[in-house]
Amino acid sequence: MISCAEAVRQLWEYLDDVIPETERVSVEAHLARCRRCCGELEFARELRLTLASTANESIPHGVLRRLHETLEELEP
Amino acid sequence: MVVAGSRADRAERIRRLAHEELPRLYRIARRIVGDEAEDAVQDCLLKAFQKIDQLQDDTAARSWLTSILVNCCRDRYRSQSRRPDEVEFDEVEEFSLYRKIAYEDPFPYSDSLHLDFLAEFGNEDVRAVLLRISELYRIPLVLVYMDGFLAREVAAMLDAPLGTVLARLHRGRKLFEKQMWEYASERGLLREVTR
């Protein structure tokens, strides 16, 4: 079984689904037996959500208006 | 489909393609260049207008515009002689925010310590933490985890090998975790309040 350090190093890649199949199987086998690394996995998942959640913040109305104006004023 | 036409046609085409993308482009720029976001998007629109004939397929407009925006953001860094800092891997590789929170136990009476830590971070805090990280690592983080691009799409946008982008994502995540802890410590987010 891979070590905790090795499993933790690959958790984000595991969540991103960018690790090779053999490594994915190793990570899952480790997670099945290691409670602490499951905690790390859950935390990584929440951290990703924290990052993603800021992608929908509101934009000042004036900024959006000025950007639309730039688009409209492109010289034909 | 290639649409080459008069200057008026090209202006109309860029308007049509960029109109719905403006909020998304601005949000990305805010996370890459902070307060210069509006200028970066303006640069992007002008450049996209100049290059519109290079866009072969309108369905690729989202990543095409993002790619132009990212380059405009990088130009802003270059023009101010701000160089992206390479970070020594050893400095951050060993850091684990999960373990740090568990060890330091900032909210001793909490039964959901790690989630409580994350709950302290609003949008502005997350943006401030991102801006502490070198653009070299910040750009892939923003594009993958906030805008949903795949690492290989980001590699194409940055004209970098996939392995390089994956390595920068790895370092970027570690740096983000480390900076979250430092930001929380500096801003007093780790004090037990009314829980």
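Cut-off values and rules
Residues numbered from 1 in each chain as written. Chains lettered and ligands numbered in written order. Predicted model: local features only at pLDDT ≥ 70, side-chain atom pairs only at ≥ 80, totals over all residues. Heavy atoms only, no water. Helix = DSSP H or I, 4+ residues; strand = E, 2+ residues; numbered from the N terminus. Rg over C-alpha atoms; globule rule 2.2 N^0.38 Å. Buried < 20%, exposed > 50% of the residue type's maximum accessible area, 1.4 Å probe, protein only. Contact = heavy atoms within 4.5 Å. 1 Å grid on protein atoms, 1.4 Å probe; cavity = no way out; pocket = protein on both sides within 12 Å on 5 of 7 lines; lining within 4 Å. Points joined across faces, edges and corners; volume = space filled by probe spheres on them. Nonpolar A, V, L, I, M, F, W, Y, C, P; charged D, E, K, R; others polar. Phe/Tyr/Trp six-rings, centres within 6.5 Å; stacked < 30°, edge-to-face > 60°. Expected span 1.5 Å × (residues − 1). Arc of directions from axis to C-beta. Domains from an automatic or database assignment. Buried area = accessible area lost by both parts, 1.4 Å probe. Salt bridge = Lys/Arg side-chain N within 4 Å of Asp/Glu carboxyl O. Polar contact = N/O pair within 3.5 Å; in protein donor to acceptor, adjacent residues only side chain to side chain.

### Notes on the overall build of chain A
Link 1 in the chain: Assigned secondary structure in chain A consists of five helices and zero strands.
Link 2 in the chain: Reading the helices (α) and strands (β) of chain A from amino to carboxyl end gives α-α-α-α-α.
Link 3 in the chain: The C-alpha atoms of chain A give 21 Å as radius of gyration, which overshoots the globular expectation for 76 residues (11 Å, by more than 25%).
Link 4 in the chain: A principal-axis box enclosing the C-alpha atoms of chain A has dimensions of 65 × 25 × 15 Å.
Link 5 in the chain: When the 76 residues of chain A are sorted by exposure, 43% land in the buried category.
Link 6 in the chain: Counting only contacts in chain A whose residues sit at least 6 apart along the sequence, the fraction spanning at least 24 positions is 60%.

### Things to note about empty space enclosed by the protein
Link 1 in the chain: Throughout the structure, instances matching the rule amount to one cavity of 30 Å³ or more.
Link 2 in the chain: What the largest cavity holds in volume is close to 160 Å³.
Link 3 in the chain: For the largest cavity, the lining is made up of 16 residues, of which Val8(A), Trp12(A), Glu40(A), Lys174(B) and Glu177(B) are closest to its centre.
Link 4 in the chain: Listed by contribution, the elements that provide at least two residues to the lining of the largest cavity are α1 (4-9), α2 (11-16) and α4 (35-53) of chain A together with α6 (97-104) and α11 (162-186) of chain B.
Link 5 in the chain: Of all the elements, α11(B) adds the most residues to the lining of the largest cavity, at four residues.
Link 6 in the chain: Residue classes in the lining of the largest cavity are distributed as eight nonpolar, two polar and six charged.

### Here's the deal with the packing of aromatic side chains
Link 1 in the chain: Taken as a whole, this structure holds five aromatic pairs over all chains when the rule is applied.
Link 2 in the chain: Here Trp12(A) and Tyr145(B) contribute two aromatic rings whose centre-to-centre distance is 5.3 Å and whose plane-to-plane angle is 80°, an arrangement assigned as edge-to-face. Linking Trp12(A) in helix α2 with Tyr145(B) in helix α9 (residues 135-146), this pair reaches from one chain into another. Take Trp12(A) and Tyr145(B): they sit in the same class, and that class is buried.
Link 3 in the chain: An angle of 20° between the planes, with centres 5.8 Å apart, marks the rings of Phe117(B) and Trp181(B) as stacked. Highlighted residues: Phe117(B) in helix α7 (residues 113-119) and Trp181(B) in helix α11, separated in sequence by 64 residues.
Link 4 in the chain: A relative accessible area of 10% places Trp181(B) in the buried class.
Link 5 in the chain: Members of the aromatic cluster, joined through ring pairs, are Phe117(B), Phe121(B), Trp181(B) and Tyr183(B).

### As for helix α5 (residues 61-72) of chain A
Link 1 in the chain: In a regular helix each residue adds 1.5 Å, so 12 residues correspond to 16 Å; α5(A) covers 17 Å between its end C-alpha atoms and thus fits that length.
Link 2 in the chain: Taken together, the buried positions of α5(A) are Val63(A), Leu67(A), Thr70(A) and Leu71(A). All buried residues of α5(A) fall inside an arc of 100° around its axis, so they share one side.
Link 3 in the chain: Against the buried residues of α5(A) lie α1 (7-18), α2 (22-33) and α3 (37-51) of chain B.

### What about the domain arrangement of chain B?
Residue and element names in this part refer to chain B.
Link 1 in the chain: Considered domain by domain, chain B is made up of domain 1 (7-79) and domain 2 (89-186).
Link 2 in the chain: In this structure, domain 1 and domain 2 have C-alpha centres spaced 26 Å apart.
Link 3 in the chain: Facing the 15 residues of domain 1 at the interface are 14 residues of domain 2.
Link 4 in the chain: A combined buried area of about 1,400 Å² lies between domain 1 and domain 2, and 61% of that area is made up of carbon and sulfur atoms.
Link 5 in the chain: For the pair domain 1 and domain 2, the number of links is three salt bridges.
Link 6 in the chain: In this structure, the salt-bridge partner of glutamate 124 is arginine 30, at a minimum N-O distance of 3.8 Å.
Link 7 in the chain: For the pair domain 1 and domain 2, the interface holds three residue pairs in polar contact (both at pLDDT 80 or more).
Link 8 in the chain: Elements with a contribution of two residues or more to the side of domain 1 that touches domain 2: α2 and α4 (61-79).
Link 9 in the chain: When residues of the side of domain 1 that touches domain 2 are assigned to their parent elements, the largest contribution, eight residues, is made by α4.
Link 10 in the chain: In the side of domain 1 that touches domain 2, the residues fall into five nonpolar, five polar and five charged.

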